[in-house]
Amino acid sequence: MPVTSSLVRIFSTSLVLGGMTLASVADARTLSYAIGYPPGSDSAKAAQNYADRVAEFSDGELSVKVYPLSLLNFAETSAGVRDGMADIGYLLSPYFPAEYPHTNLLAEAAMQLQLFGDEIKGKEGPAYIGALAEFVFFNCEECHEDFQKQNQVFTGIASSSNYMLNCSKPVTTVEDLAGKRLRAAGSQWSRWAQKFGASPVTLSGNEAYEALDQGVVDCVVISAPDLENLGIIEATTDITTDVPGGVFAGAEITNTNRDAWQSLNDKQRTAMLHAGAYISAEIPWVYHQREAAVLERAQNEMGIEIHTASPELQEATREFVRQDMDAIALYYEKTYGVENGAELLASFRPVLEKWVELVKDVNSQEELAELYWDEVFSKVDASTHGM
């Protein structure tokens, strides 16, 4: 049967459109994303969800390739993103206190969550991260200057759930803490340890299992989900759930190489910020949701003893937190030259109080992500931020 001219035109048009589609896919920009967590961990899953959303929100103009514990580990991430070894990095800024002093100061103040009591129980991370994201984006020019010095751009932040004592022996009282060696991931927990006669030990999360297993430390101060994420649960025999408290809030989870960021267009940068709101919500939400499951497995399947701290240790911890707000500012001034630490903390407190109220009625990860987007990330000007 002869082919009509109309059919020829339709066929030719289909080839052209198909070629355009293939070219569009081929031309999509791929960014590398390095995280120090292993494959299958909560954060690795969240990173892949982030990658999927970047592709979605950019209409396929951007794709993200996730490298879990392969391209850069936690200790390598800061310099690796700075030097372009990865376009995006899961930065744990407290590992680099001199490089990111202003953000770390704000993150270290997370133990003040202990002072809100049951009012915020179970949503400590979502409240703190909402407040921290808002404050860093819009009220901390010094934070952005710190990132700029490391050739990075801030695009999202997340936290753990509550930090606990995960030990190789029971530690529930002030007396039990005396003489113990504690792996602490931040100066606030180091000061807490020293307050009660313990010795803080600085190790990366990737080294914590071996240190506890070999007796280099007696306890690891970390969240319950990270016991599984980093394998530390295999060396743990006793967990005290309510001290020291606070969350690890120094996780700039999608810090982006500045050169890579500036090479994108406004739509692509907005897509990354939009995806940043979702991963900033996903990680603390999942951590809080998984906390109970991990503790139940630890107790019922692994025979780990779950303890409550003595009332004396709980009250002494709260008193430590009240005094430590001044100590944080002084510490950062003397050690890292942060001259306005007290002012930053004072300005941050009402923002945190606002977010404690905002997250009370949030009942899902999706609701939290939408709240972050509406209240914070959507208000960032992609045409000027990080430029």
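Residues numbered from 1 in each chain as written. Predicted model: local features only at pLDDT ≥ 70, side-chain atom pairs only at ≥ 80, totals over all residues. Heavy atoms only, no water.

Now for the overall build of the protein. A count of helical and extended segments in the protein gives 15 helices and eleven strands. Scaling as 2.2 N^0.38, a compact globule of 387 residues should have a C-alpha radius of gyration of about 21 Å, and the protein matches this with 23 Å. Across its three principal directions, the C-alpha atoms of the protein cover 95 × 50 × 40 Å. The buried share of the protein, taken over its 387 residues, is 55%. Excluding contacts between residues fewer than 6 apart, the proportion of contacts in the protein whose partners are at least 24 apart in sequence is 80%. Element-wise, carbon and sulfur atoms account for 50% of the exposed surface of the protein, whose accessible area totals about 15700 Å². Measuring between centres, the 27 positive side-chain charges of the protein sit 1 Å from its 55 negative side-chain charges. (Helix = DSSP H or I, 4+ residues; strand = E, 2+ residues; numbered from the N terminus. Rg over C-alpha atoms; globule rule 2.2 N^0.38 Å. Buried < 20%, exposed > 50% of the residue type's maximum accessible area, 1.4 Å probe, protein only. Contact = heavy atoms within 4.5 Å. Areas by Shrake-Rupley, 256 points an atom, 1.4 Å probe, with all protein chains shown as cover. Lys, Arg positive; Asp, Glu negative; His and termini not counted. Charge placed at Lys NZ, Arg CZ, Asp CG, Glu CD.)

A cis amide bond, omega 0°, links V243 with the succeeding residue P244. Checked against the element boundaries, P244 lands in strand β9 (residues 238–247). Although it is not a glycine, L69 adopts a positive phi angle of roughly 45°.

With that settled, the discussion passes to the packing of aromatic side chains. The tally for this structure, following the rule as stated, stands at 21 aromatic pairs. Between Y128 and F348, the ring centres sit 5.3 Å apart and the planes meet at 65°, which makes this aromatic pair edge-to-face. One end of the pair, Y128, is in helix α5 (residues 124–139); the other, F348, is in helix α14 (residues 341–358), and 220 residues separate them in sequence. In this pair, the class of Y128 matches that of F348, namely buried. Through pairs of rings, three or more aromatic residues link up here, namely Y37, F74, Y90, Y95, F96, Y100, F137, F138, F147, F154 and F377. Above the plane of the ring of Y67 lies K65, whose end atom (NZ or CZ) is 5.9 Å from the centre. Here R191 stacks its cationic end above the ring of Y331, 5.3 Å away from the centre of that ring. (Phe/Tyr/Trp six-rings, centres within 6.5 Å; stacked < 30°, edge-to-face > 60°. Lys NZ or Arg CZ within 6 Å of the ring centre and 35° of its normal.)

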